[in-house]
Amino acid sequence: GINYDLVGRFEDFEQDLKTAIQRTGIDFNRFYQVENKHATNATQLMKQYYTAAITEKVYRKFKIDFEYIGYSNDLPS
């Protein structure tokens, strides 16, 4: 087994990456730059295409992941 001391989440990517890099002693701000040139508008697309039935199927399929990570089965607002 590996003893992880940080498990990052995609939603918190910037802060989690900053924490990991700072632990190495590297200046985070010197090397990090935000670029949103590939934004997908995924939240809006989910609202458009995910019905309540599909949302429930996804939740059932990945229930363990949702519970372990602490995600809600509600669509983002």
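Residues numbered from 1 in each chain as written. Predicted model: local features only at pLDDT ≥ 70, side-chain atom pairs only at ≥ 80, totals over all residues. Heavy atoms only, no water.

## As for the packing of aromatic side chains
- One pass over the full model with this rule turns up 3 aromatic pairs.
- Ring plane angle 25° and centroid distance 4.7 Å describe the contact between F28 and Y32, whose orientation is recorded as stacked.
- On the basis of relative accessibility, which here comes to 3%, the residue F28 falls in the buried class.
- Judged by its relative accessible area of 26%, Y32 is partly exposed.
- Ring geometry for F66 and Y71: centres 6.3 Å apart, planes at 75°, overall edge-to-face.
- With relative accessibility at 17%, the residue F66 sits in the buried group. (Phe/Tyr/Trp six-rings, centres within 6.5 Å; stacked < 30°, edge-to-face > 60°. Buried < 20%, exposed > 50% of the residue type's maximum accessible area, 1.4 Å probe, protein only.)

## Quick word on the side chain of D16
- Among the structural elements, D16 can be located in helix α1 (residues 13-23).
- Although D16 lies buried, it forms no salt bridge, and the closest oppositely charged side chain, R9, sits 6.6 Å away as judged by the N-O distance.
- Contacts of D16, omitting those with residues within four sequence positions, involve L6, G8 and R9. (Helix = DSSP H or I, 4+ residues; strand = E, 2+ residues; numbered from the N terminus. Lys, Arg positive; Asp, Glu negative; His and termini not counted. Salt bridge = Lys/Arg side-chain N within 4 Å of Asp/Glu carboxyl O. Contact = heavy atoms within 4.5 Å.)

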